[in-house]
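So you can see what is in the structure, the chains are spelled out below.
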Amino acid sequence: QVQPVESGGDLVQAGGSLRLSCAASGSSFTINFMGWYRQAPGKQRELVAGITSSGGTNYADSVEGRFTISRDNAKNTVYLQMNSLNVEDTAVYYCNARGRQVRVGFGWIDFASWGQGTQVTVSS
């Protein structure tokens, strides 16, 4: 199985910055998309930013201009640089990886895997 692992969540003051990382591990896989989602208590999980293997990006309106997503394809790692943080950014941030993986006896199969999440807390 392909397993994304997030890191970098922390407590930060409003106006500050934070960088999240997500590394996907496994064997015999290719990733087409990696994205950052977040979920605050009592709210639905929402897409924050996503990036394709070719470098195309998309952002939620609430973070565009403040957050930047990037990736290192060779390391199967995606980053989320978060600047000008505010209290509304407080949430658990999850990494999602989508792609294809070789499975013995099955050939290439599609996968979509979630990390366990990393907590980002912004204080006023």
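Relevant structure appears above.
In this text the structure is predicted, and so the values were computed from the model without any measurement.

Student: Tell me about the pattern of salt bridges, and name the residues and values.
Tutor: For the structure shown, the criterion picks out four salt bridges. Among the salt bridges present, the one from Arg38 reaches Glu46, with a minimum N-O distance of 2.9 Å. We classify Arg38 as buried; its relative accessible area is 7%. Its relative accessible area of 35% is what places Glu46 among the partly exposed residues. Asp89 is paired through a salt bridge with Arg38; the nearest N and O atoms lie 2.9 Å apart. Linking Asp89 in the loop between strand 8 (77-82) and strand 9 (91-103) with Arg38 in strand 4 (residues 29-39), this pair joins segments that are 51 residues apart in sequence. Judged on exposure class, the residue Asp89 and its partner Arg38 are both buried. Overlapping salt bridges, with partners in common, bring together Arg38, Glu46, Arg66 and Asp89 in one network.

Student: Lay out the state of the cysteines with the relevant residues and their values.
Tutor: Any covalent bond linking the sulfur atoms of two cysteines counts as a disulfide. One pass over the structure, following the stated rule, counts one disulfide. In this model Cys22 forms its disulfide with Cys95; the gap between the sulfur atoms is 2.1 Å. Note on the Cys22 and Cys95 pair: the S-S dihedral is about -85°, so by sign convention the disulfide is left-handed. In this pair, Cys22 is assigned in strand 3 (residues 18-25) and Cys95 in strand 9, connecting sequence segments 73 residues apart.

Student: Give a detailed account of the pairing of strand 9, specifying residues and quantitative values.
Tutor: Here strand 4 pairs with strand 9 via ten bridges, running antiparallel. Each residue of the ladder has a partner; that of Met34, found in strand 9, is Ala97. As paired elements, strand 9 and strand 11 (residues 118-123) share three bridges and run antiparallel to each other. From the neighbouring strand, Ala91 faces strand 11, where its bridge partner is Val120. Pairing between strand 9 and strand 10 (residues 107-114): eight bridges, direction antiparallel. Note on strand 10: the bridge partner recorded for Arg100 is Asp110.

Student: Could you give an account of the side chain of Arg38, with specific residues and numbers?
Tutor: A distance of 3.3 Å separates the side chain of Arg38 from the side chain of Ser62, its partner in a polar contact. Setting aside chain neighbours within four positions, we find Arg38 in contact with Gln44, Arg45, Glu46, Val48, Ser62, Val63, Phe67, Glu88, Asp89, Ala91, Val92 and Tyr93.

About the criteria used
- Residues numbered from 1 in each chain as written.
- Predicted model: local features only at pLDDT ≥ 70, side-chain atom pairs only at ≥ 80, totals over all residues.
- Heavy atoms only, no water.
- Salt bridge = Lys/Arg side-chain N within 4 Å of Asp/Glu carboxyl O.
- Buried < 20%, exposed > 50% of the residue type's maximum accessible area, 1.4 Å probe, protein only.
- Helix = DSSP H or I, 4+ residues; strand = E, 2+ residues; numbered from the N terminus.
- Disulfide = S-S within 2.5 Å.
- Pairing = 2+ DSSP bridges.
- Polar contact = N/O pair within 3.5 Å; in protein donor to acceptor, adjacent residues only side chain to side chain.
- Contact = heavy atoms within 4.5 Å.

Structural measurements only, silent on function.
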